[in-house]
Amino acid sequence: MPELNRMEIIASGEEAELLTALLALRVNHGWEEEDLPSGETLFRVHTHNPLFFQELESELRSYLPNLDLSLDQIPELDWVEGWKEFFTPVEAGSRFIVLAPWMEAERAATKRTPIIIEPKTAFGTGHHATTALCLQALSDFYDAGRIKSGQTFLDLGTGSGILGIAAAKLGLTGIGVDPDLMAVENSLENREINAIAPEAFTVARGSLEAVSGGPFDLVLANILAEPLLNLAPGLMAQVKPGGCLALSGILISQAEKVSQAYAALGEPRIFTRDEWACLCFYAE
Ligand code: SAH
């Protein structure tokens, strides 16, 4: 495994302030700071280039001759493997658990419906409150008998495909759209990992204009308040009479304004988590 050069500096007070200013000028790729129990700060810089550290050390010492500075080498982290440590299973709503592909033991052990997500650049691993709230809304719609197998869905802003996959696993068929090409690719990959038939969850690049086959029994849209306000008339037109709509990506402080834009569907039920609100409408 390749070695990475590490510089560690312990400083406090004015020395730490000057050091921060010097690092800001010289270390474009960033550094870490850790508060020590002693009240001092540990600064940690990494580089592949040992010459960079030679120059950096002599420049820092020209300003701060007594700096407590040490250099060593550490094995390079395997970033792909490192990712895996950060990705933990997420239980969401009454029905779902979001797992990474390598979590086979958790998959065998759970009674919940697993959604397998390959953590990539597209948004939607279930760790974010806005996604978890949508999975909760989906569970609740299903538990209350408001959506059922054989019905249709639209997942607007599908990201990793997580919500569309969850709906397909409940037996619905539908479409996910996203303007971001990476999201489209990641959602198709996740569809395959979850063994969802392509016709049960089609994915298209774009926004509302790319949607076909509506109106739907269930519409899920985890985008942000501003696009939700702009898209309100078109999005409401995609909800069948008697259908369900969950809107997410909305700050609690924005919930009232978004509710008003969708008032034609009635008064929403609002779930919150952290600073986020999810608005659930049943179009009667
Ligand atoms: N549905 C996933 C991802 C949400 S992130 C989840 O719940 O976790 C929001 C996604 O919406 C992003 O992938 C983004 O590309 C997409 N998006 C942003 N604006 C959009 C718009 N106007 N129409 C459709 N999708 C949009």
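Preceding block: the structure.
Remember, it's a predicted structure, so these values are computed and weren't measured experimentally.

Novice: So what exactly am I meant to see when it comes to the environment of Ile252 here?
Specialist: Residue position: Ile252 is located in the loop between β12 (239-251) and α9 (255-261). Ignoring anything within four residues of it in the chain, the contact list for Ile252 reads Thr272, Asp274, Glu275, Trp276 and Ala277.

Novice: When you look at the packing of helix α5 (residues 129-143) against helix α6 (residues 162-169) in this model, what are you seeing that I'm missing?
Specialist: In a pair of packed helices, the angle between the axes and the distance between the axes together describe the arrangement. Their axes nearest at 10 Å, the elements α5 and α6 cross at an angle of 20°. By the angle between their axes, α5 is roughly parallel relative to α6. Seen along the crossing, α5 lies across α6 with a hand that is right-handed. Only Ile162, Leu163, Ala166 and Ala167 of α6 make contact with α5, whose side of the interface consists of Thr131, Cys134, Leu135 and Leu138. Among the residues making up the contact of α5 with α6, the classes are represented as 7 nonpolar, 1 polar and no charged.

Novice: Looking at this model, I keep getting lost on the side chain of Asp217. Mind explaining?
Specialist: Residue position: Asp217 is located in strand β11 (residues 216-222). Assessed through its relative accessible area of 12%, Asp217 is described here as buried. Within polar-contact distance, the side chain of Asp217 engages the backbone nitrogen of Thr152 at 2.9 Å. There is a polar contact of 3.4 Å between the side chain of Asp217 and the side chain of Lys240. Sequence-distant contacts of Asp217, defined by excluding residues within four places in its chain, comprise Ile147, Gln151, Thr152, Lys240, Gly243 and Cys244.

Novice: Could you clarify how one ought to interpret the nonpolar core in this entry?
Specialist: Nonpolar side chains tend toward joint burial in soluble globular proteins. The biggest cluster of nonpolar side chains holds 37 residues, and the ones touching the most others in it are Ile115, Leu135, Leu138, Phe141, Ile147 and Leu218. Those elements that place two or more of their residues in this core are β5 (90-92), β6 (96-99), α5, α6, β10 (201-205), β11, β12 and β14 (276-282). Among the elements that line this core, the one with the most residues is α5, at 7 residues. Setting aside its immediate chain neighbours within four residues, Leu135 contacts Ala92, Gly93, Phe96, Val98, Ile115, Ile162, Leu163 and Ala166. With 27 residues, the next largest nonpolar core counts Leu208, Val219, Ile223 and Ala277 among its residues.

Reading guide: rules and limits
- Residues numbered from 1 in each chain as written.
- Predicted model: local features only at pLDDT ≥ 70, side-chain atom pairs only at ≥ 80, totals over all residues.
- Heavy atoms only, no water.
- Helix = DSSP H or I, 4+ residues; strand = E, 2+ residues; numbered from the N terminus.
- Contact = heavy atoms within 4.5 Å.
- Axes fitted to C-alpha atoms, helices over the stretch in contact; angles between N-to-C directions.
- Parallel < 35°, antiparallel > 145°, perpendicular 65-115°, else oblique.
- Left-handed = near helix turned anticlockwise from the far one by under 90°.
- Nonpolar A, V, L, I, M, F, W, Y, C, P; charged D, E, K, R; others polar.
- Buried < 20%, exposed > 50% of the residue type's maximum accessible area, 1.4 Å probe, protein only.
- Polar contact = N/O pair within 3.5 Å; in protein donor to acceptor, adjacent residues only side chain to side chain.
- Core = buried A, V, L, I, M, F, W, Y, C linked by side-chain atoms within 4.5 Å.

Honestly, that's just the spatial picture; any functional story needs more than this.
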